[in-house]
Amino acid sequence: MVEPALLAVLINPGAGRGRFNDVTPAVLDRLAESGRPIRVLDPSTREDAQAACHAAVADGAAGLVAVGGDGTVHLALQAVAGTDVPFGAVPAGTGNDFAAATGVPAEPLAAAAAIADAVKAARTRPIDLARVTSPGGETHWYGSVLAAGFDAVVNERANRMRWPRGPRRYDVAIFVELVRLKARRYVLRLDGEERRLDAVLLAVGNCPSYGGGIRIVPTADPTDGLLDVVYADVDRPTLVRLKPKTYEGTHIDHPLVHTARARVVEIEAEGITTYVDGERCLPLPVRIEAVPAAIHLLA
Ligand SMILES: Nc1ncnc2c1ncn2[C@@H]1O[C@H](COP(=O)(O)OP(=O)(O)OP(=O)(O)O)[C@@H](O)[C@H]1O
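This structure is a prediction, so every number in the text was calculated from the model and none was measured.

A few words now on the packing of helix α6 (residues 150–160) against helix α7 (residues 168–179). Interhelical geometry of α6 versus α7 gives an angle of 125 degrees and a closest axis separation of 9 Å. As judged from the angle between their axes, α6 and α7 are oblique. Regarding α6 and α7, the two cross each other, and that crossing is right-handed. Residues F150, V153, V154, R157 and A158 of α6 pack against R169, Y170, A173, I174, V176 and E177 of α7. Classifying every residue of the contact of α6 with α7 gives eight nonpolar, no polar and three charged.

Right, let's get into the site of the ligand. Near the ligand, the surroundings consist of 21 residues, among which N12, G69, G71, G93 and T94 are the closest. Secondary structure elements with two or more residues in the shell around the ligand: α2 (46–58) and α3 (70–80). The class makeup of the residues in the shell around the ligand is four nonpolar, 13 polar and four charged.

Once that is clear, we can look at the nonpolar core. One finds L10, C53, L64, A76, L146 and A203 to be the most contacted residues of the largest nonpolar core, which totals 97 residues. When residues of this core are sorted by domain, at least three fall in each of domain 1 (7–123) and domain 2 (133–292). Apart from residues no more than four positions distant in its own chain, L64 is found in contact with A8, L10, C53, A56, V57, A76, A79, V80, V85 and F87.

What follows covers the domain arrangement of the protein chain. Considered domain by domain, the protein chain is made up of domain 1 (7–123) and domain 2 (133–292). If you look at the interface, domain 1 gives 13 residues, while domain 2 gives 15 residues. Of all the elements in the fold, those that place two or more residues in the side of domain 1 that touches domain 2 are α3 and α4 (97–101). Examining the composition of the side of domain 1 that touches domain 2, we find that six residues originate from one element, α3, more than from any other. Considering only residue class, the side of domain 1 that touches domain 2 consists of five nonpolar, six polar and two charged.

It is worth spelling out the confidence of the model for the protein chain at this point. Segments scoring low in pLDDT should not have their predicted coordinates read at a detailed level. Residue-level pLDDT values for the protein chain average 96, and 99% of them are 70 or greater. Summarising per-element confidence for the protein chain, the mean pLDDT is lowest in α7 (94) and highest in strand β13 (residues 264–268) (99). Under the prediction, the complex receives an ipTM of 0.96, its pTM being 0.97.

Moving on: the environment of P283. Examined against the element boundaries, P283 turns out to sit in strand β15 (residues 279–283). Considered as a pair, P283 and H296 are 13 residues apart in the sequence and their alpha carbons are 29 Å apart. Excluding residues that lie within four positions of it along the chain, P283 makes contacts with I272 and T273.

Each neighbour pair has its own omega, and for W163 with P164 the value is -10 degrees, a cis peptide bond. Following L284, the chain continues into P285 via a peptide bond in cis, with omega recorded as 5 degrees. The backbone phi angle of A122 is positive, close to 50 degrees, even though this residue is not glycine. Position of A122 relative to the elements: it lies in the loop between α5 (108–121) and β5 (125–133). In this structure A122 comes out as exposed when scored by C-beta crowding, with 9 C-beta atoms within 10 Å.

The next subject is α3. The buried count for α3 comes to nine of 11 residues, which makes it a mostly enclosed element. Restricting attention to buried positions, one finds in α3 the residues D70, T72, V73, H74, L75, A76, L77, A79 and V80. Following α3 by one or two positions, G82 has its phi on the positive side, about 75 degrees.

The subject of this paragraph is α5. Spanning 14 residues, α5 covers 20 Å between terminal C-alpha atoms, matching the ideal 20 Å at 1.5 Å per step. Every buried residue of α5 is listed here: P108, A111, A112, I115, A116, A118 and V119. Projected down its long axis, α5 shows its buried positions confined to an angular sector of 165 degrees, all on one face. Exposed positions of α5 whose direction lies more than 90 degrees from the buried face are K120 and A121. Residues of α5 that are buried sit in contact with β1 (7–11), α1 (24–32), β3 (63–68), β4 (87–91) and α4. Immediately beyond the C-terminal end of α5, within one or two residues, lies A122, with a positive phi of roughly 50 degrees.

Rules of the game
- Residues numbered from 1 in each chain as written.
- Predicted model: local features only at pLDDT ≥ 70, side-chain atom pairs only at ≥ 80, totals over all residues.
- Axes fitted to C-alpha atoms, helices over the stretch in contact; angles between N-to-C directions.
- Helix = DSSP H or I, 4+ residues; strand = E, 2+ residues; numbered from the N terminus.
- Parallel < 35°, antiparallel > 145°, perpendicular 65-115°, else oblique.
- Left-handed = near helix turned anticlockwise from the far one by under 90°.
- Contact = placed C-beta atoms within 7 Å.
- Nonpolar A, V, L, I, M, F, W, Y, C, P; charged D, E, K, R; others polar.
- Near = placed C-beta within 6 Å.
- Core = buried A, V, L, I, M, F, W, Y, C linked by C-beta atoms within 7 Å.
- Buried ≥ 20, exposed ≤ 12 C-beta atoms within 10 Å, placed from the backbone.
- Domains from an automatic or database assignment.
- pLDDT = per-residue confidence, 0-100.
- Expected span 1.5 Å × (residues − 1).
- Arc of directions from axis to C-beta.

Here you go:
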């Protein structure tokens, strides 16, 4: 008898500061209700995790499931994008923005049950991804948001800092970068149409949010085949006042906050390394392309 193709499950035990580790066995039980043998991938480094995802896809897995937050989803997306291997997300991170935007149940066990059902019924939904390319041809996929302004600079500073640990590091990085805040000169090309602008904030969304519910690109829709862009040139007090509004996405009502939509977005500026799905990505300049139906979501 031929064994049915197995369901590969990438688990990030560090996601959500480990607070979902207790439910992992029950998540695996739910996934097993799909009737597929489960293969758990729990590599110890990000690089091993990436390699294990690619190997699972190359071996013809029936699906690849990421149990973790947006960083874990990001790793799995690099392997499933553009293939026929379906993808499932079980939200178990600090930020689960991709899962939230694509209609995945917020509760890990409910998400796992929905994936098992979808596998059994061979039911998937097409979801767009964005593909970022450097001038040298290096490419990365992302699901949620590319940050190329203040938020990217804050991430970069926080990553360089050794102290303090935990979320306090971000508070310190935000403070330092607010003090140093200055607009940068960008060249933005939207489907080839060039805009030269000064901005402190520039984000490109396939989905609306990052950072666990910050709706920085609130109009983004991962099923419309397009990317949404938000940029703003505001001073320090205005940026601080706009921050709480980003949770609702109402910052885009401010007259100095601009939105746009395109299939291909090109960005140039000096001294910025982009962040996608909360992960360090390519330095500018980059080209970002919306890729319709790049994954088949189990949900
Ligand atoms: N199996 C793994 N082993 C080691 N690192 C991993 C593994 N899976 C994912 N990672 C990395 O762990 C980091 C955090 O993962 P993720 O974003 O899923 O969790 P989070 O709790 O939402 O994130 P954060 O700690 O940034 O708040 C990411 O950089 C991701 O690439």
